[in-house]
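Now for the letters of each chain:
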Amino acid sequence: MESLATDPGFIDSDVYLRLGLIIEGKRLKKPPTVLSRLSSSLERSLLLNHDNILLQSPDSVTLFDGRSPPEISISHYLDRIFKYSCCSPSCFVIAHIYIDHFLHKTRAHLKPLNVHRLIITSVMLAAKVFDDRYFNNAYYARVGGVSTRELNRLEMELLFTLDFKLQVDPQTFHTHCCQLEKQNSDGFQIEWPIKDACRANKETWQKRTPDSVCSQTTAR
């Protein structure tokens, strides 16, 4: 399937090139810029939502909320997913769109307890919809540091919340690309909300390399 970033009907090559969405060659030697921009955007949201989280009602808790935040930073988590999932860089823009829609529909806030699960689930769905090749859920679960059973539940929760509307038109994709570039053009980076929120009781967010036993699936 052709990436939205290379759709001949709607292309802003300057923006896409700066974000690293247009790949020259078979494999990138370093993570694309879109990862650092997405990380900055999510970290900014966590900081802005800090006061709202303290005042939130129990009704705003979703299936994506864990008991305690993972120790791994958002930036390193995105780099890990990109390294091992082999998905196209455009999937991270699409994942950002899915997360925005999910938060809007559920009226939940992005917070250290849910951001990692939202990321891995959204990237996985984006790869399944927009990439020609993708791995099975067991593999993504190992990459994301959750159990396969939990990731399956998170996938279904996201699908039903979004009403299975996973297609993204080129205009929406382009708008989010511009927002990621513009809002983070100052290199705004925050990692303390995640690190300070981490407590002694750790969850099973694995940091080891995923085993190669999980098979890759070809989209049909």
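Residues numbered from 1 in each chain as written. Predicted model: local features only at pLDDT ≥ 70, side-chain atom pairs only at ≥ 80, totals over all residues. Heavy atoms only, no water.

A. Spotlight on the side chain of Ser73. Secondary-structure assignment places Ser73 in the loop between helix H3 (50-55) and helix H4 (74-85). There is a polar contact of 3.2 Å between the side chain of Ser73 and the backbone nitrogen of His76. (Helix = DSSP H or I, 4+ residues; strand = E, 2+ residues; numbered from the N terminus. Polar contact = N/O pair within 3.5 Å; in protein donor to acceptor, adjacent residues only side chain to side chain.)

B. Layout of a nonpolar patch on the surface. On the surface, Met156, Phe160 and Phe164 cluster together into a nonpolar patch covering about 320 Å² of accessible area. If you trace the backbone, Phe164 turns up in the loop between helix H8 (148-161) and helix H9 (170-183). (Patch = residues over 30% accessible without salt bridge, like charges linked within 9 Å, V, L, I, M, F, W, Y side chains within 5 Å. Areas by Shrake-Rupley, 256 points an atom, 1.4 Å probe, with all protein chains shown as cover. Salt bridge = Lys/Arg side-chain N within 4 Å of Asp/Glu carboxyl O.)

C. Examining the pattern of salt bridges more closely. Under the defined criterion, the tally for this structure stands at five salt bridges. A salt bridge links Lys111 to Asp65; the nearest nitrogen and oxygen atoms lie 2.7 Å apart. On the criterion of sequence distance, the pair formed by Lys111 in the loop between helix H5 (90-106) and helix H6 (115-130) and Asp65 in the loop between H3 and H4 is long-range, its members being 46 residues apart. For the pair Lys111 and Asp65, one class covers both residues: buried. (Buried < 20%, exposed > 50% of the residue type's maximum accessible area, 1.4 Å probe, protein only.)

D. Quick look at H8. Counted at 1.5 Å a residue, the expected span for H8 with its 14 residues is 20 Å, and the 20 Å between its end C-alpha atoms agrees. Among all positions in H8, only Leu151, Leu154, Glu155, Leu158, Leu159 and Thr161 are buried. The buried residues of H8 occupy an angular sector of 165° when projected down its axis, which confines them to one face. Relative to its buried face, H8 has exposed residues pointing more than 90 degrees away, namely Arg149 and Phe160. (Expected span 1.5 Å × (residues − 1). Arc of directions from axis to C-beta.)

E. Broad picture of the packing of aromatic side chains. Considering all chains together, one arrives at seven aromatic pairs under this definition. With 6.3 Å between their ring centres and 75° between their planes, Phe135 and Tyr140 make a pair best called edge-to-face. Each member of the pair Phe135 and Tyr140 is classed as buried. Taking the centre distance of 5.0 Å and the plane angle of 80° together, the rings of Phe160 and Phe164 count as edge-to-face. Residue Phe164 is classed as partly exposed on the basis of its relative accessible area, which comes to 45%. (Phe/Tyr/Trp six-rings, centres within 6.5 Å; stacked < 30°, edge-to-face > 60°.)

F. Structural detail: unusual backbone geometry. One non-glycine residue with positive phi stands out, namely Cys86, at about 60°. By the element assignment, Cys86 lies in the loop between H4 and H5. One non-glycine residue, Asp163, lies in the positive phi region at around 60°. Within the element layout of this structure, Asp163 appears in the loop between H8 and H9.

G. Summary view of the environment of Val143. Counting through the fold element by element, Val143 comes out in helix H7 (residues 137-144). For Val143, a relative accessible area of 1% puts it in the buried group. Along the sequence, Val143 and Ile120 sit 23 residues apart, while their C-alpha atoms lie 8.4 Å from each other.

H. Geometry of the packing of H4 against H6. The interhelical angle for the contact between H4 and H6, taken along N-to-C directions, is 20°, at an axis separation of 11 Å. It follows that H4 is roughly parallel to H6 by the angle criterion. Seen along the crossing, H4 lies across H6 with a hand that is right-handed. Residue-level contacts link Ile74, Tyr77, Leu78 and Ile81 of H4 to Val115, His116, Ile119, Ile120 and Val123 of H6. Considered class by class, the residues forming the contact of H4 with H6 number eight nonpolar, one polar and no charged. (Axes fitted to C-alpha atoms, helices over the stretch in contact; angles between N-to-C directions. Parallel < 35°, antiparallel > 145°, perpendicular 65-115°, else oblique. Left-handed = near helix turned anticlockwise from the far one by under 90°. Contact = heavy atoms within 4.5 Å. Nonpolar A, V, L, I, M, F, W, Y, C, P; charged D, E, K, R; others polar.)

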